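Each chain, letter by letter, is given below.
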Amino acid sequence: MREAHPLERAVGIDHYVSETDGIGGRLRVSPEDFRVREIEAFDAEPIGDGNDADGTADGSPDRGAYPELVIRVRLFDWDTNDFARRLSDALGISRERVSWAGTKDKRAVTTQLMTVRDVDPDAVREVANGIDGASIEVLGVAGRPISFGDLAGNAFEIRVRDPDAGDGEQASATQAGAAPPEERAAVIADELRAFATGTSNPAAVDPDDPAAVPNYFGQQRFGSVRPVTHRVGLAIVRGEWREAVRVYVGNPDDAEPADTREARTIVDEQFASESPDWEACLDRMPGRLRFERAMLHRLAEPTPEDYADSEPDGGRWRHALEAVPSNLQRLFVNAAQSALFNRILSERLDRGIPFHEPVAGDVVCFADDEAPGELYAPDVDRLQRVTADRVPVLRRHCARRRAFVTAPLIGTETELADGEPGEIEREVLADAGIEPADFSLPDEFDSTGTRRAILVTTDLSVDDDLEFAFALPSGSYATVLLREFLKARPLDL
């Protein structure tokens, strides 16, 4: 197997499963090159015309019971959070009254549902024309706001520009005599179709068969420029709260701007000092690094609410980490779980254990029967252990994509697999110095864990212009599929 980029190996992604040279290239040269359409499992009730005596049309719902206005939003080069603020400002309402299922990248054209609480449809239509780069369609009303749980998946149309361009480290088309990029892309697509079924001969696959890749967590889960989020989380889970703060606030990276590297170097120096000067760190930390500054403020200005350093839960160091938003606190631990999951998958690849079907000891989940037809979606709430006598029947289920092999996102309630899969899970945990019980943590840092499918499968098309079309279930990464084709630096994805 081809070795992955060093930045990927640092987060547990050790390999590519395709052997063909990558096409290089760039994504998101323009927003139109990256089009994403959300696939939601969320229904809207139609809005009446208001002609009845009670102010509603026949059969239309009472807005008192359906306070959420459901809209479809198409955004051009908009961050989802920024657009929600712009929309709420235009409507003169709190940003908290705008909800959505998934946050999308800025440099893209995205289509998704949103809900807006207690707003007249005409008010939304009126402000829609005044927001550049956005179109809004009123669909109906709902009794509750849309949320992340309503996101079934995403459909992508992605164009790769400038093939054979890149940093030269993994992109390989500078080699003399290399096949044209569209031919290489076609071969890689067949290799991924072969991986979906464990076929040893990619030339024998049907071009209409689904493709598949290991369901890795992509680089953006850990920080694309400075991938440390998982290291912070692993330190937290080990009870090393002081080290968690140092890794996040200090720990300079060569990819960062010079002023950031200098500030982080000063932080490391103060951590090594017996009398650290946190005010000096604050003076040098750039204002744009607001989370680092928030932690330093808590270290520089201890309050009666601070914990004693001797407390087993980390004392002031935990208090410093709690200066960041609760979603980032959770992300630290989630990233640690994700890195361990990636390492489990890489070890399984190393050992040659199949991804498309179970072996004795595995834990499988069944398919989500309610998922939209364009998705191969697992339901990790429906699990079954694979005993030796159940291997044949569960392999048939996996072959029909009615079941998927899983690996753990470790937490307090995680039950590890048996057999060789369980051996891998235990070895990865031992190497990290972590046990499932270690995830019993205070407040936002606590996690019970779950399981996740190890293979992500999709119907894939690639044309001669290097435009890729595919759909993925919620939680899977488009870049994890595209990395097989580009074989470029993670920063180029």
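The structure we're discussing is the one just above.
This section reports on the structure supplied with the text. (Residues numbered from 1 in each chain as written. Predicted model: local features only at pLDDT ≥ 70, side-chain atom pairs only at ≥ 80, totals over all residues. Heavy atoms only, no water.)

### A closer look at the packing of aromatic side chains
Then, in step 1: Evaluated as defined, the whole model comprises 12 aromatic pairs.
Then, in step 2: Look at Phe 217 and Tyr 477: their rings are 6.2 Å apart centre to centre, the planes differ by 65 degrees, and that puts the pair in the edge-to-face class. Separated by 260 residues along the polypeptide, Phe 217 in the loop between strand 7 (211-214) and helix 5 (229-237) and Tyr 477 in the loop between strand 14 (467-473) and helix 14 (478-486) bring together distant segments of the chain. Considered together, Phe 217 and Tyr 477 belong to a single accessibility category, that of buried residues.
Then, in step 3: Aromatic side chains Phe 468 and Phe 485 sit 4.8 Å apart centroid to centroid with 70 degrees between the ring planes, which places their arrangement in the edge-to-face category. You can see Phe 468 sitting in strand 14 and its partner Phe 485 sitting in helix 14, a full 17 residues away along the chain. Phe 485 shares its class with Phe 468; the two are buried.
Then, in step 4: Taken together, the ring pairs connect Phe 34, Phe 156 and Phe 470 into an aromatic cluster.
Then, in step 5: Note that Arg 242 overlies the ring of Trp 317, its terminal NZ or CZ placed 5.5 Å from the centroid.
Then, in step 6: A cation over an aromatic ring shows up here: Arg 316 above the ring of Trp 317, its NZ or CZ 5.8 Å from the ring centre. (Phe/Tyr/Trp six-rings, centres within 6.5 Å; stacked < 30°, edge-to-face > 60°. Helix = DSSP H or I, 4+ residues; strand = E, 2+ residues; numbered from the N terminus. Buried < 20%, exposed > 50% of the residue type's maximum accessible area, 1.4 Å probe, protein only. Lys NZ or Arg CZ within 6 Å of the ring centre and 35° of its normal.)

### Points about helix 4 (residues 181-197)
Owing to its 3.6 residues per turn, the α-helix brings residues three or four apart onto one side.
Then, in step 1: For helix 4, built from 17 residues, the straight-helix expectation of 24 Å at 1.5 Å per residue is met to within 8% by its first-to-last C-alpha distance of 25 Å.
Then, in step 2: Where helix 4 is buried, its residues meet strand 7, helix 11 (326-351), strand 12 (455-458), strand 13 (461-462) and helix 14. (Expected span 1.5 Å × (residues − 1). Contact = heavy atoms within 4.5 Å.)

### Some remarks on the pattern of salt bridges
Then, in step 1: Following the criterion strictly, the structure yields 40 salt bridges and no others.
Then, in step 2: Across the salt bridge formed by Arg 184 and Asp 164, the nearest N and O atoms sit 3.1 Å from each other. Of this pair, Arg 184 sits in helix 4 while Asp 164 sits in the loop between strand 6 (151-159) and helix 4, and the two are 20 residues apart along the sequence.
Then, in step 3: Between Arg 246 and Asp 268 there is a salt bridge; the shortest N-O distance is 3.2 Å. Within this pair, whereas Arg 246 is found in helix 6 (residues 241-249), its partner Asp 268 is found in helix 7 (residues 258-271), the two being separated by 22 residues in sequence.
Then, in step 4: Take Arg 246: its relative accessible area is 18%, and that puts it in the buried class.
Then, in step 5: Taking the relative accessible area as the measure of exposure, Asp 268 reaches 23% and is therefore partly exposed. (Salt bridge = Lys/Arg side-chain N within 4 Å of Asp/Glu carboxyl O.)

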